[in-house]
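Read off the chains here:
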Amino acid sequence: AQSVTQLGSHVSVSEGALVLLRCNYSSSVPPYLFWYVQYPNQGLQLLLKYTSAATLVKGINGFEAEFKKSETSFHLTKPSAHMSDAAEYFCAVRGLDSGYSTLTFGKGTMLLVSP
Amino acid sequence: DAMVIQNPRYQVTQFGKPVTLSCSQTLNHNVMYWYQQKSSQAPKLLFHYYDKDFNNEADTPDNFQSRRPNTSFCFLDIRSPGLGDAAMYLCATSRDYGEETQYFGPGTRLLVL
């Protein structure tokens, strides 16, 4: 069955530092992969997605992620953190196991940004 | 220009009293989803519709039901809410499955007294 593992329930960075949020997936064939962000008491907003085109995907707000098939990873990065990036981030996979119909979410990583 | 609208944003109900949450969309998407999200957890899929074709996740409790009377609207009915059903309920839509993006509403936070 498809699954997603996000390493670290909380990640703390200083403003201006590199952001790295880790995501590893399990799927029988290369899946579609998504990163969503959720601010408190709000719904989820898509940051970026991998759909088997370019392996380096650029998203909104300066975020990007690289699909690495050999490592089954799709880590999210941003060169310089901003206070407004503080939120919860979810990696999600949509694979053949679900007939490409449903998303399986990771448990989420809370990003904390300090001044 | 709201795309996925959920009403109400906050809902308080009593233990065992039926409650209905609503979702509407202006995107004309084929697929609509209902998720349950408890505090500090990932969203958990309850149901999804492709047009009027209903799909129930295997572990969705019988206490939860859903209706989609037309393309724009979808409802989540909780027949007899228990304390464990207190959560954020998220509605989402997508044009299709596969690589298509899911667009989420702001959610309805349900409190059960």
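In case you missed it, the structure is sitting above this.
With that settled, the discussion passes to the overall build of chain A. What chain A contains, in helices and strands, is zero helices and 11 strands. Scaling as 2.2 N^0.38, a compact globule of 115 residues should have a C-alpha radius of gyration of about 13 Å, and chain A matches this with 14 Å. Dimensions of chain A, computed from C-alpha atoms along their principal axes, come out at roughly 45 × 30 × 20 Å. Contacts spanning at least 24 positions in sequence make up 58% of the contacts within chain A whose residues lie at least 6 apart. For chain A, the exposed surface amounts to about 5200 Å²; the carbon and sulfur share of it is 54%. The average position of the 8 basic charges and that of the 7 acidic charges among the side chains of chain A differ by 5 Å.

Another aspect to go through is the interface of chain A and chain B. Taken together, the contact between chain A and chain B spans 20 residues of the former and 25 residues of the latter. Of the roughly 1700 Å² buried at the junction of chain A and chain B (both faces included), carbon and sulfur atoms supply 52%. Of all residues in chain A, N41, L44 and R94 of chain A bury the most surface against chain B, accounting for 28% of the area lost on that side. Inspection of the region where chain A meets chain B yields zero salt bridges. There are eight residue pairs in polar contact (both at pLDDT 80 or more) connecting chain A and chain B.

Turning to the sheet that holds strand β1 (residues 4-7) of chain B, a few remarks are in order. All names here are of chain B. The sheet built from four strands is open, its strands ordered β1-β3-β8-β7 with antiparallel pairing. Pairing within the sheet leaves two strands with one partner each, and these edge strands are β1 and β7 (64-67). Along the sheet, successive strands turn relative to each other by an average axial angle of 20 degrees, direction set aside. Sheet analysis places strand β3 (residues 19-25) next to strand β8 (residues 73-78), joined by six bridges and oriented antiparallel. For S22, the partnering residue across the bridge sits in β8 and is F75.

Another point: the pattern of salt bridges. Residue and element names in this part refer to chain B. Inspection of the entire model under this criterion finds five salt bridges over all chains. In this structure, R67 and D77 form a salt bridge, with 2.8 Å as the shortest nitrogen-oxygen distance. With a gap of 10 residues between them, R67 in strand β7 and D77 in strand β8 connect regions that are remote in the sequence. Of the residues examined, D77 reaches a relative accessible area of 13% and is grouped as buried.

Taken together, the side chains of V12, L111 and L113 of chain B make up a nonpolar region of the molecular surface, amounting to roughly 290 Å² of accessible area. Within the secondary structure layout, V12 of chain B lies in strand β2 (residues 10-13).

A few words on the nonpolar core. In terms of nonpolar packing, the biggest core is built from 26 residues, with W35, L48, F74, L76 and Y89 of chain A touching the most fellow members. Ignoring any residue separated from it by four or fewer positions in sequence, one finds Y89 of chain A in contact with Q6, L21, W35, Y36, V37, L47, F63, L76, G108, T109 and L111 of chain A.

Turning next to the state of the cysteines. One pass over the full model with this rule turns up two disulfides over all chains. Between the sulfur of C23 of chain A and that of C91 of chain A lies a disulfide, 2.0 Å long from S to S. Since a negative S-S torsion denotes a left-handed disulfide, the C23 of chain A-C91 of chain A link at about -65 degrees is left-handed. With C23 of chain A in strand β3 (residues 19-26) and C91 of chain A in strand β9 (residues 87-94), the pair connects residues that are 68 residues apart, well separated along the chain. Of the residues examined, C91 of chain A reaches a relative accessible area of 0% and is grouped as buried. For C23 of chain B, the disulfide goes to C91 of chain B, at an S-S distance of 2.0 Å. Between C23 of chain B and C91 of chain B the disulfide shows an S-S torsion of about -75 degrees. By sign, it is left-handed. Here C23 of chain B, found in strand β3, pairs with C91 of chain B, found in strand β9 (residues 87-94); they are 68 residues apart in sequence, far enough to count as distant. Neither residue differs from the other here; C23 of chain B and C91 of chain B are each classed as buried.

Rules of the game
Residues numbered from 1 in each chain as written. Chains lettered and ligands numbered in written order. Predicted model: local features only at pLDDT ≥ 70, side-chain atom pairs only at ≥ 80, totals over all residues. Heavy atoms only, no water. Helix = DSSP H or I, 4+ residues; strand = E, 2+ residues; numbered from the N terminus. Rg over C-alpha atoms; globule rule 2.2 N^0.38 Å. Contact = heavy atoms within 4.5 Å. Areas by Shrake-Rupley, 256 points an atom, 1.4 Å probe, with all protein chains shown as cover. Lys, Arg positive; Asp, Glu negative; His and termini not counted. Charge placed at Lys NZ, Arg CZ, Asp CG, Glu CD. Buried area = accessible area lost by both parts, 1.4 Å probe. Salt bridge = Lys/Arg side-chain N within 4 Å of Asp/Glu carboxyl O. Polar contact = N/O pair within 3.5 Å; in protein donor to acceptor, adjacent residues only side chain to side chain. Pairing = 2+ DSSP bridges. Axes fitted to C-alpha atoms, helices over the stretch in contact; angles between N-to-C directions. Buried < 20%, exposed > 50% of the residue type's maximum accessible area, 1.4 Å probe, protein only. Patch = residues over 30% accessible without salt bridge, like charges linked within 9 Å, V, L, I, M, F, W, Y side chains within 5 Å. Core = buried A, V, L, I, M, F, W, Y, C linked by side-chain atoms within 4.5 Å. Disulfide = S-S within 2.5 Å.

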